[in-house]
Amino acid sequence: MIPALEIENLSKVYDNDFEALKGISLRVEPGDFFALLGPNGAGKSTTIGIICSLVAKSAGKISIFGVDIDEDFPAAKRYIGIVPQEFNFNQFEKGLDIVINQAGYYGLAPGLARERAEKYLRELGLWEQRDIPARMLSGGMKRRLMIARSLVHEPQLLILDEPSAGVDIEMRRSMWDFLRRINAQGTTIILTTHYLEEAEALCRHIAIINHGKIVENTSMKELLRQLDREVFILDCLEELPAAVAIDGFLIRRIDDHTLEVEVQKGQNLNAVFTALDVADIHISSMRNRANRLEEMFVNLVEGAV
Amino acid sequence: MNLREQYVAFMTIIRKEIKRYLRIWTQTLLPSAITMSLYFVIFGTLIGSRIGEMGGFSYMEFVVPGLIMMAIVTNSYSNVVSSFFGSKFSGSVEELLVSPVSNVVILMGYVVGGVSRGLLVAMVVTLVSLFFTDLTIHSYFIVVVVVLMTSTLFALAGFINAVYANSFDDISIIPTFVLTPLIYLGGVFYSMDLLPEFWANVSKLNPLVYVVNAFRYGVLGVSDVNLPLAFVMIVIFTTLAFTYSMHLLNSGKRLRQ
Ligand SMILES: Nc1ncnc2c1ncn2[C@@H]1O[C@H](COP(=O)(O)OP(=O)(O)OP(=O)(O)O)[C@@H](O)[C@H]1O
Ligand SMILES: [Mg+2]
């Protein structure tokens, strides 16, 4: 199958001799939901900038749906919709004009341009705000405006550079739902993020980039499988005895009502509950310690230095 | 992109440009109308009546074509320089750069936008001038051709300025220190005959001399410089500016990192 995006040995040296990308290779299949994860300054935006022609590459090869950007960049560009990290529209223009103009730049006739602009502004909940100068929109609305703008020519590959920066939780959820929906309809999506949780919630494949190098490139499932231990937090109904121990498990008593249990890969979690039952301890709720992914991320990134 | 799509993109840029200067008309259209009215009053009516004839015409008649040209030059230049620099500054130029629009369409879109503002202001100024003098046109053909070529030339120059500019200061330096002196020394207010030979020859390096005189010929039928030469010079300057602008766009210098 022709990949939606294929990057081979891409490198970038900026004018100040800084080597932002040190020969990265990536392949994203059509229909995939792909996360490019990495800390600040890793090279995510540089990579995206090169894909959409805003940054000139120093070496390497990029194809979009089989079209080499060196051979026919305009044809490659038609496949791509781009949502940049920074707001990059004229703040004095109205949202509707911004989206309609973008359609025009892709050659969509005025009637169709308007129709599409309306469709995507509605889908992103901005139709009511269409006649307001962009500078008067809230930060989250501005980001959604950029998403509407990127979709107006119905690209097959949507690239979002940190789409959830500055977006509140509720808005993020509805944006995630929206992205899942257009992905289900066939749009390949690549997004960059700092958060493994976001990648986990959305993406099927993931690459981790650090200091201009890919340090991990795998499926989300495979990455999660690499987690060799998980820590669960248990909330107890009654006050806990001073000491709690379960054979074979590392248990910490956090406070009078909270326990932390570390479960190694392959261990049977049922044993924990059986033991707790015997000790007459009753659990009201249980959750993952939220930063388990973060820990792994930090390990991966530090391991690469 | 096929031709029809390129045309759509071209029209989109032009429409956006026109909307921009109409939206801020107090900064884009009004100032020229006011300045030129003042010129008409001061140079044409008050001082002009003391000057008497210039190049065989009343001073008012002599100065009107030059002033119209001045409005065209400054407006087509400043429209492109501020709009294109503004889009660089806000990042919205990326909207064009990530799209499949060809560079020549981007350039011509901005240029035609600037030309249209030059023409619009020229019409306003011409209307204002009718309060002060009767305007008879010697050759409509020459007037139209010169106006279109001149506004194109200075729109291109504004584009080049915008590509190089890094700050809002940079977009006023050239208009203030280069364009305005060239206009004032370009024979808007005086006939080249008044200059000593040396300065008359130096003036021949000034593109504004050809522009102003060619236009004056179109209106009054007289010119300080040879008309075919004026056309050749305007065409040469325009070709150079166009080629250089395309070079800037194609190389991506200062637009892509
Ligand atoms: N125009 C430039 N000139 C010189 N260096 C640059 C330029 N743009 C980016 N860099 C450097 O390249 C490196 C990669 O930057 P990039 O913007 O790609 O990182 P990123 O992964 O997107 O980071 P973030 O998560 O903070 O957005 C950084 O060290 C940055 O300082
Ligand atoms: Mg970035």
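These figures come from a predicted structure and were not determined experimentally. (Residues numbered from 1 in each chain as written. Chains lettered and ligands numbered in written order. Predicted model: local features only at pLDDT ≥ 70, side-chain atom pairs only at ≥ 80, totals over all residues. Heavy atoms only, no water.)

Undergrad: What should I look at first to understand the overall build of chain B in this one?
TA: When its secondary structure is counted, chain B shows 11 helices and 2 strands. Moving toward the C terminus, one meets the helices and strands of chain B in the order α-α-α-β-β-α-α-α-α-α-α-α-α. On C-alpha atoms alone, chain B measures out to a radius of gyration of 19 Å, which is about the 18 Å that the 2.2 N^0.38 rule sets for 257 residues. On the principal axes, the C-alpha backbone points of chain B span a range of 60 × 35 × 35 Å. Across the 257 residues of chain B, 51% fall into the buried class. (Helix = DSSP H or I, 4+ residues; strand = E, 2+ residues; numbered from the N terminus. Rg over C-alpha atoms; globule rule 2.2 N^0.38 Å. Buried < 20%, exposed > 50% of the residue type's maximum accessible area, 1.4 Å probe, protein only.)

Undergrad: Where do I start with the coordination of the magnesium ion (ligand 2) in this structure?
TA: Reference values for angles at a metal are 109.5 degrees in the four-donor tetrahedral case and 90 or 180 degrees in the six-donor octahedral case. Protein-derived coordination of the magnesium ion (ligand 2) comes from A:Ser45 (OG) and A:Gln85 (OE1), at a distance range of 1.9 to 2.1 Å. Here A:Ser45, found in helix H1 (residues 44-51), pairs with A:Gln85, found in the loop between strand E6 (80-83) and helix H3 (95-105); they are 40 residues apart in sequence, far enough to count as distant. (Donors = N, O, S within 2.8 Å, 3.2 Å for Na, K, Ca; no water.)

Undergrad: Hey, could you run me through the pairing of strand E11 (residues 229-236) of chain A in this one?
TA: Successive residues of a regular strand alternate their side chains across the two faces of the sheet. All names here are of chain A. Of all 8 residues in E11, 6 are buried, a share of seventy percent or more. As paired elements, E11 and strand E13 (residues 258-264) share 7 bridges and run antiparallel to each other. The residue of E13 that forms the bridge with Asp235 is Thr258. Bridge count for E11 against strand E14 (residues 283-288) is 5 bridges, and the pairing is antiparallel. Across the sheet, the residue bridging to Leu234 is Met286, located in E14. (Pairing = 2+ DSSP bridges.)

Undergrad: Where do I start with the interface of chain A and chain B in this structure?
TA: Across the contact, 29 residues belong to chain A and 24 residues belong to chain B. For the pairing of chain A and chain B, the buried interface totals around 2,400 Å² over both sides, and the portion due to carbon and sulfur atoms is 52%. For B:Lys19, the salt bridge identified is with A:Asp97, shortest N-O distance 3.2 Å. Where chain A meets chain B, there are 9 residue pairs in polar contact (both at pLDDT 80 or more). Of all the secondary-structure elements, those providing two or more residues to the side of chain A that touches chain B are helix H2 (73-79) and H3 of chain A. Here the side of chain A that touches chain B is composed, by residue class, of 16 nonpolar, 7 polar and 6 charged. (Contact = heavy atoms within 4.5 Å. Buried area = accessible area lost by both parts, 1.4 Å probe. Salt bridge = Lys/Arg side-chain N within 4 Å of Asp/Glu carboxyl O. Polar contact = N/O pair within 3.5 Å; in protein donor to acceptor, adjacent residues only side chain to side chain. Nonpolar A, V, L, I, M, F, W, Y, C, P; charged D, E, K, R; others polar.)

Undergrad: Would you take a moment to explain the packing of aromatic side chains for this structure?
TA: Any two aromatic rings considered together are summarised by their centre-to-centre distance and by the angle between their planes. Within the structure shown, the criterion is met by 13 aromatic pairs over all chains. Each ring, one from B:Phe40 and one from B:Phe132, has its centre 5.5 Å from the other, and the planes form 40°; the classification is tilted. Of the two residues, B:Phe40 sits in helix H3 (residues 30-51) while B:Phe132 sits in the loop between helix H6 (103-129) and helix H7 (140-164), which places them 92 residues apart along the sequence. A ring pair is formed by B:Tyr59 and B:Phe62, whose centres lie 6.4 Å apart and whose planes are at 20°; its orientation type is stacked. Pair noted here: B:Tyr59 and B:Phe62 are both in helix H4 (residues 59-90), with a separation of 3 residues, about one helical turn. Take B:Tyr59: its relative accessible area is 4%, and that puts it in the buried class. In textbook terms, an aromatic cluster arises when at least three aromatic residues are bridged by ring pairs, as seen for B:Tyr39, B:Tyr184 and B:Phe189. A cation over an aromatic ring shows up here: A:Arg130 above the ring of A:Trp127, its NZ or CZ 4.1 Å from the ring centre. (Phe/Tyr/Trp six-rings, centres within 6.5 Å; stacked < 30°, edge-to-face > 60°. Lys NZ or Arg CZ within 6 Å of the ring centre and 35° of its normal.)

Undergrad: Got a minute to help me understand the pattern of salt bridges in this structure?
TA: If charged atoms from side chains of opposite charge come close, those side chains can pair. A full pass over the atoms with the stated rule returns 17 salt bridges over all chains. With a closest N to O distance of 2.7 Å, B:Glu95 and A:Arg149 form a salt bridge. Here B:Glu95 is found in helix H5 (residues 93-97), whereas its partner A:Arg149 is found in helix H5 (residues 139-151) on a different chain. In this structure, the salt-bridge partner of A:Glu260 is A:Arg252, at a minimum N-O distance of 2.5 Å. A:Glu260 gets classed as buried once you look at its relative accessible area, which sits at 8%. Residue A:Arg252 is classed as partly exposed on the basis of its relative accessible area of 36%. Salt bridges sharing partners connect three or more residues here, namely A:Glu6, A:Arg27 and A:Glu29.

Undergrad: Please explain the site of ligand 1 as it appears in this structure.
TA: Near ligand 1, the surroundings consist of 16 residues, among which A:Asn40, A:Lys44, A:Ser45, A:Thr46 and A:His194 are the closest. Of the chains in the model, those with residues near ligand 1 are chains A and B. A:Asn40 places a polar side-chain atom, nitrogen or oxygen, 2.7 Å from an oxygen atom of ligand 1. At a separation of 2.8 Å, an oxygen atom of ligand 1 approaches a polar backbone atom of A:Gly41. Considered on its own, ligand 1 offers 630 Å² of accessible surface; in the complex 70% of this is hidden by protein. Residues that form the shell around ligand 1 fall into these classes: 5 nonpolar, 9 polar and 2 charged. (Near = heavy atom within 4 Å. Areas by Shrake-Rupley, 256 points an atom, 1.4 Å probe, with all protein chains shown as cover.)

Undergrad: Explanation requested: the sheet that holds strand E5 (residues 67-68) of chain A in the structure shown.
TA: Pairing between the strands of a sheet is mediated by backbone hydrogen bonds and can be parallel or antiparallel. Residue and element names in this part refer to chain A. The strand order E2-E1-E4-E5 describes an open sheet built from 4 strands, whose pairing is antiparallel. Edge positions in the sheet fall to strand E2 (19-28) and E5, since each has one partner strand and no second. With 5 bridges connecting them, strand E1 (residues 5-13) and strand E4 (residues 59-64) associate as antiparallel partners. The partner of Ser11 across the bridge, within E4, is Ala59. Here H1 sits on the sheet and contacts E1, E2 and E4; the angle it forms with E1, its principal contact strand, is near 115°. (Axes fitted to C-alpha atoms, helices over the stretch in contact; angles between N-to-C directions.)

Undergrad: Which parts of the structure should I look at to understand unusual backbone geometry?
TA: A negative phi holds for most residues other than glycine; trans holds for most peptide bonds. Residues and elements named next belong to chain A. A positive phi angle, near 70°, is found at Asp17, a position not held by glycine. Tracing the backbone shows Asp17 in the loop between E1 and E2. At Glu154, a residue that is not glycine, the phi angle is positive and equals roughly 50°. Mapped onto the elements, Glu154 comes out in the loop between H5 and strand E7 (157-161).

Undergrad: Just checking my understanding: could you explain the environment of B:Arg15 for this structure?
TA: Residues and elements named next belong to chain B. Here Arg15 is to be found in helix H1 (residues 3-23). Using a relative accessible area of 43% as the deciding quantity, one classes Arg15 as partly exposed. Taking C-alpha positions, Arg15 is 8.9 Å from Gly109, a pair spaced 94 residues apart along the chain.

Undergrad: Quick question: what am I supposed to make of the domain arrangement of chain A here?
TA: Note on interface size: it is often stated as the accessible area lost on association of the parts. Under the domain assignment, chain A is made up of domain 1 (5-224) and domain 2 (226-301). Each of domain 1 of chain A and domain 2 of chain A was reduced to a C-alpha centroid, and the two centroids are 39 Å apart. (Domains from an automatic or database assignment.)

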